[in-house]
Amino acid sequence: MSGFDISRSDFDNVTALHLSGFLDAHTVPVFEDAIQGLLKENIFNIIVNMQNLDYISSAGLGVFMGFIEEIREQGGDIKLSNLSSKVYKVFDLLGFPALFEIFDDENSAKSKFGHSK
Amino acid sequence: MKRINIPKSFLPLIIGVLVLITLLYDVLKFYSSVSFTSWNYINETINILIVVLYYLYLRTKPFYNETNVQKNLKNFIKLLALLYVTVFSFKLILKPTFTAAIFPQQPESMIAVVYSNIATLAAILLFTPILITLKNLIKYKRKKRTGLYFSITLIFALATVILTVVFVAPLDLSFQDNALYNNITFSVTMIFLVIIATRNSWITYLSRREKIYFSIIGMVLVWLILKLFDITFKEPVTAHSLALGALANIGWIFLSIYSVMATLFLLLQLPTARVFDRKMREVNSLYDLSRTISAEYDHDKLVHMVTDMSTEVIESTFTWLELYDVVLQSFKIGAYKNLNDEEIFILRNMKRSIINDLILSTKRTYITNDIHKSEFSNLFDNLDKKVGSFAGVPLLNSKGDIIGILYSAKSAILGFDPDDVNLLEAYASQAAIALENAQLLKISLERERMEKELQIAREVQRRLLPQKTPEIENLQIDTLTITAYEVGGDYYDFFNNNNGNLGMVIGDVSGKGTSAAFYMAETKGIIQSLARNYLSPKDILINTNKLLYTSMEKKSFISLLAANIDLNKKSLTFARAGHCPIIHFNSKVNDTSMFKTKGIAVGLDSGQIFDSTLEEYRIKVHKNDIIAFYTDGLSEARAANGEEFGEERLCKLIKENSGLEVKALKEVIIDNILGFLDGQNLHDDLTLLLIKL
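Residues numbered from 1 in each chain as written. Chains lettered and ligands numbered in written order. Predicted model: local features only at pLDDT ≥ 70, side-chain atom pairs only at ≥ 80, totals over all residues.

1. Description of the overall build of chain B
Stage number 1. Scanning chain B from N- to C-terminus turns up 18 helices and 17 strands.
Stage number 2. Per-residue burial over chain B gives 37% buried out of 693 residues.
Stage number 3. Within chain B, residue pairs in contact and separated by at least 24 positions form 70% of the contacts whose partners lie at least 6 positions apart. (Helix = DSSP H or I, 4+ residues; strand = E, 2+ residues; numbered from the N terminus. Buried ≥ 20, exposed ≤ 12 C-beta atoms within 10 Å, placed from the backbone. Contact = placed C-beta atoms within 7 Å.)

Take a look at the structure:
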């Protein structure tokens, strides 16, 4: 199975995580640790940019569900951006668009955080 | 020697009678002064017979086969002392006199006759077992020809005895007149006795203390033994029986040669005794170590064993073992010996990393025989223990990577000679092998456990799925389930099979393995009971979500699709909670359509969003229509190039083969999937439900 990687960019009040590769049951702990790390730094405004994400499994989706409640309680949110059509299909099939805001690009997601502030 | 069938208890009795006969003969001979030559032979034969019978009697005693060197030596000393005391006491009490004018010596008085009989009896009773203890010592490390030499010696000794009796000649090595023949055999006997006397390897295995002890005793014994024949045997035994005299003479010579040689060997080995002792201890300890640790797979126990055993053999003041953690790239103390709680606390907090890192980078043993002159002179400053020298030996695994370091410290300077270092390294390499084995075993056990867990999950899943498809008139149903290696959590079920109605549900639990199997079981139970009260797929799913949401982990969810087919109204009602769409082949228009109605997966939301999003949809169905339910394991089945099987391909297959019965259609789909995968493994469970009206 191909690898999985995360890079991070910090903005004024938002942090973006760029996912690339395969996010499945085996690579999920890496993603979980990354979000856990942000929460420890009290960063709750998170954008997950999936431009280079090739595949996401149900376990990968589970990570969002595992943290969203806590993040929203803290007044933050996870917003998704740059989903490829294949990845979007998975999100869409399970009904995630009803639970998460999904944007075409990172900037619109950022500005959405800006507005809510 | 052949086993003669005489009851053990009779032997002493017979011996006693024979001894009395020989005594009687001596008395008669003394008084009659008549020479009965032929009677003399009989008398000698009886005397030899006594020895033989006594020997047979001794064979039944445990000491005959005593293999313990120390016990044999003690028996030897005791018997010799007893022999001296007995013969001397009688000699002092009876003051016998013998004439030396003719050979053999003759007793001059009746007292001398009695004395010669008592001395002979004592010689037989005590000297025979003395020789047996010698035999035991010689056989301690039996060499190739020892047995043969024994036999040759015995044959020549007997020949000497017989010749001595026949020619009535002394064994004086004069080789003159009568004494020629018996002296020839006598010399041959002596040669072999000397050879046998070199068989004294038991000496080597005595401890250093025993070597010192026995060499001192040995010197006294040699003197006593050399005097033995002249003092005790020469006159009385020869006077009583020439045969026994010869026998005693040969035995005594052997005893003398052997004791002289053994004492010499003992003295020669004294300087090396200390080194030999140590080497023996090392060998034994390494043997113990390899034997104990090869049977031990508990990592912690192994670590302690190695530390304890090495401390003992190296005689270190204290020892500790560092274990290397590859992930953390740091050392931690795994075991220690001769350090109390306070000292171990100091050790934990001292700058061990300097020495650890040094050994980690060089992978070689570090020794300093004078810590004050080394770069680590301050290392143990905080410790109350005096350290003069210390050594650290790396534990290397089969790949040559460091898995730990064994440290040994001694209070004296110059504590580690090359032997110590070799031994410490031997310990370290044994320990490394054992620790690595234990680690490998742990990994393979873990793998086995996971394998077992997966097997349980597969079994649970298999039992949760319907064992057979419902049989309904005008409805063909077939199902296909292929489980992936890591059980995926695909699930389907049928319910409410009555009045032309059939309910069904298909789902996919997020995650894999046992947890997926458990959620599946829970879901099945909930849906089966809800289906008794609700007919509408939407109602069933909404209530399922309510019940499951509270019990599920936040990050887990289940995609579900519930449907109800009404054969009377020819309709299919369904609701999709985040599951793959329904494929419907409409025979009227000869085309397939996919229904991706709104709805989010079960377990994502407590109810508000779930309930408001979920859509229930109803379509008309006709004769020969086909409805397909599937899981993403089918649509996402990946070929080697990463391409997915996809819904389009499935729709096309169904349309092209819509004339087939479902069973045949299923075969076509299976063939196509397998052809598409082309040997690739499924990474998720795959489920397909086909229904044809």
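2. A few points about the overall build of chain A
Stage number 1. The helix and strand inventory of chain A stands at 4 helices and 5 strands.
Stage number 2. When the helices and strands of chain A are read in sequence order from the N terminus, they spell out β-β-α-β-α-β-α-β-α.
Stage number 3. Within chain A, the fraction of its 117 residues that count as buried is 40%.

3. Let's talk about the environment of Lys78 of chain B
Residue and element names in this part refer to chain B.
Stage number 1. Relative to the helices and strands, Lys78 resides in helix H3 (residues 69-94).
Stage number 2. For Lys78, a count of 14 C-beta atoms within 10 Å translates into the label partly exposed.
Stage number 3. Note: C-alpha distance between Lys78 and Leu126 (48 residues apart in sequence) is 9.7 Å.

4. Notes on unusual backbone geometry
Residues and elements named next belong to chain B.
Stage number 1. Even without being a glycine, Leu414 presents a positive backbone phi close to 55°.
Stage number 2. Along the chain, the position of Leu414 falls in the loop between strand E7 (402-410) and helix H12 (418-464).
Stage number 3. For Leu414, a count of 10 C-beta atoms within 10 Å puts it in the exposed group.
Stage number 4. Of note in the backbone geometry, Asp678 takes a positive phi value of approximately 50° without being a glycine.
Stage number 5. If you trace the backbone, Asp678 turns up in the loop between helix H18 (662-677) and strand E17 (686-692).

5. Some remarks on the sheet that holds strand E3 (residues 318-325) of chain B
All names here are of chain B.
Stage number 1. Pairing is antiparallel in the open sheet, where 5 strands are placed in the order E4-E3-E7-E6-E5. The open sheet has two edge strands with one neighbour each: strand E4 (330-337) and strand E5 (366-368). Averaged over all pairs of adjacent strands, the angle between strand axes in this sheet comes to 20°, irrespective of strand direction.
Stage number 2. In the sheet, strand E6 (residues 389-396) pairs with E7 via 8 bridges, with the strands oriented antiparallel. (Pairing = 2+ DSSP bridges. Axes fitted to C-alpha atoms, helices over the stretch in contact; angles between N-to-C directions.)

6. What about the environment of Ala157 of chain B?
Stage number 1. Within the fold, Ala157 of chain B resides in helix H5 (residues 146-167).
Stage number 2. Discounting chain neighbours no more than four positions away, the residues touching Ala157 of chain B are Thr189 and Ile250 of chain B.

7. Some thoughts on the interface of chain A and chain B
Stage number 1. Contact with chain A, which involves 13 residues of that partner, is made by 17 residues of chain B.
Stage number 2. The greatest single-element share of the side of chain A that touches chain B, amounting to 7 residues, is contributed by helix H2 (residues 58-73) of chain A.
Stage number 3. Among the residues forming the side of chain A that touches chain B, the class breakdown is 8 nonpolar, 4 polar and 1 charged. (Nonpolar A, V, L, I, M, F, W, Y, C, P; charged D, E, K, R; others polar.)

8. Comments concerning the pairing of strand E3 (residues 45-56) of chain A
Looking down a regular strand, the side chains alternate between one sheet face and the other.
All names here are of chain A.
Stage number 1. The buried fraction of E3 amounts to 9 of the 12 residues, a majority that puts the element mostly inside the structure.
Stage number 2. By the bridge criterion, 8 bridges tie strand E2 (residues 15-23) to E3 in an arrangement that is parallel. Pairing of Gly21 across the sheet is with Leu53, part of E3.
Stage number 3. Crossover E2 to E3 through helix H1 (residues 28-40) is right-handed.
Stage number 4. The pairing of E3 with strand E4 (residues 77-81) spans 5 bridges and is classified as parallel. Opposite Ile46, over in E4, you have Ile78 as the bridge partner. (Right-handed = clockwise from strand over helix to strand, strands pointing away.)

9. Some thoughts on the nonpolar core
Residue and element names in this part refer to chain B.
Stage number 1. Of all hydrophobic cores here, the largest spans 95 residues; its most connected members are Leu541, Leu561, Ala562, Ala577, Ala628 and Leu689.
Stage number 2. Among all residues touching Leu689, those that are not within four sequence positions of it are Thr479, Tyr492, Met504, Ile506, Ala628 and Phe629.
Stage number 3. Of all hydrophobic cores here, the second largest spans 56 residues; its members include Ile130, Ala246, Trp252 and Phe254. (Core = buried A, V, L, I, M, F, W, Y, C linked by C-beta atoms within 7 Å.)

10. Details of the confidence of the model for chain A
Stage number 1. Taken over all residues, the pLDDT of chain A has a mean of 88, while the share at 70 or more is 95%.
Stage number 2. Mean pLDDT values for the elements of chain A range from 78 in helix H4 (residues 106-116) of chain A up to 93 in E4 of chain A. (pLDDT = per-residue confidence, 0-100.)

11. Things to note about the packing of H5 of chain B against helix H6 (residues 179-197) of chain B
How two helices pack is summed up by the angle between their axes together with the distance between the axes.
Residues and elements named next belong to chain B.
Stage number 1. Contact geometry of H5 with H6 gives a least axis separation of 8 Å together with a crossing angle of 155°. Considering the angle they form, H5 stands roughly antiparallel to H6. For H5 against H6, the interelement crossing comes out left-handed. Note on element contacts: H6 touches H5 through Tyr181, Asn182, Thr185, Phe186, Val188, Thr189, Phe192, Leu193, Ile195 and Ile196, opposite Tyr149, Phe150, Ile152, Thr153, Phe156, Ala157, Ala159, Thr160, Leu163, Thr164 and Phe167.
Stage number 2. Considered class by class, the residues forming the contact of H5 with H6 number 15 nonpolar, 6 polar and no charged. (Parallel < 35°, antiparallel > 145°, perpendicular 65-115°, else oblique. Left-handed = near helix turned anticlockwise from the far one by under 90°.)

12. Observations concerning H6 of chain B
Stage number 1. Given a rise of 1.5 Å per residue, 19 residues ought to cover 27 Å, and the 26 Å separating the end C-alpha atoms of H6 of chain B matches this to within 8%.
Stage number 2. Those residues of H6 of chain B that fall on the buried side of the exposure criterion are Ala179, Asn182, Asn183, Thr185, Phe186, Thr189, Met190, Phe192, Leu193, Ile196 and Ala197 of chain B. (Expected span 1.5 Å × (residues − 1).)

13. Observations concerning the packing of helix H4 (residues 110-138) of chain B against helix H8 (residues 242-294) of chain B
All names here are of chain B.
Stage number 1. Between H4 and H8, the shortest axis-to-axis distance is 11 Å and the interhelical angle comes to 40°. Helix-helix and strand crossings are classified by hand; for H4 and H8 the assignment is left-handed. Side by side, H4 and H8 meet where Thr120, Ala123, Phe127, Ile130, Leu131 and Leu134 of the first sit next to Leu244, Ala248, Gly251, Leu255 and Tyr258 of the second.
Stage number 2. Taken together, the residues that form the contact of H4 with H8 break down as 9 nonpolar, 2 polar and no charged.

14. Things to note about the sheet that holds strand E11 (residues 558-566) of chain B
Residue and element names in this part refer to chain B.
Stage number 1. Taken in spatial order, the 5 strands line up as E9-E10-E11-E12-E15 in an open sheet, and their pairing is antiparallel. Looking at strand neighbours, the two that pair on one side only are strand E9 (490-498) and strand E15 (616-620), the edges of this open sheet. Ignoring which end each strand starts from, the neighbouring axes of this sheet average 15° apart.
Stage number 2. Both strand E12 (residues 571-577) and E15 contribute to a ladder of 5 bridges, which runs antiparallel. The partner of Thr573 across the bridge, within E15, is Arg618.

15. Side note on the environment of Ile314 of chain B
Stage number 1. Mapped onto the secondary structure, Ile314 of chain B falls in helix H9 (residues 299-314).
Stage number 2. For Ile314 of chain B, the residues in contact, after removing those within four places along its chain, are Ser408, Asp420, Leu423 and Leu424 of chain B.

16. What to know about the pairing of strand E13 (residues 582-586) of chain B
Residue and element names in this part refer to chain B.
Stage number 1. For E13, a buried count of 4 out of 5 residues is recorded, marking the element as mostly surrounded by other parts of the structure.
Stage number 2. Note that E13 and strand E14 (residues 591-595) share 5 bridges and pair antiparallel. Among the inter-strand pairings, Asn586 is bridged to a residue of E14, identified as Asp591.
Stage number 3. Connecting E13 to the antiparallel partner E14 that follows it, the hairpin turn spans 4 residues, and Asn590 within it adopts a positive phi of roughly 55°.
Stage number 4. When E13 meets strand E16 (residues 626-630), the two strands line up antiparallel, connected through 3 bridges.

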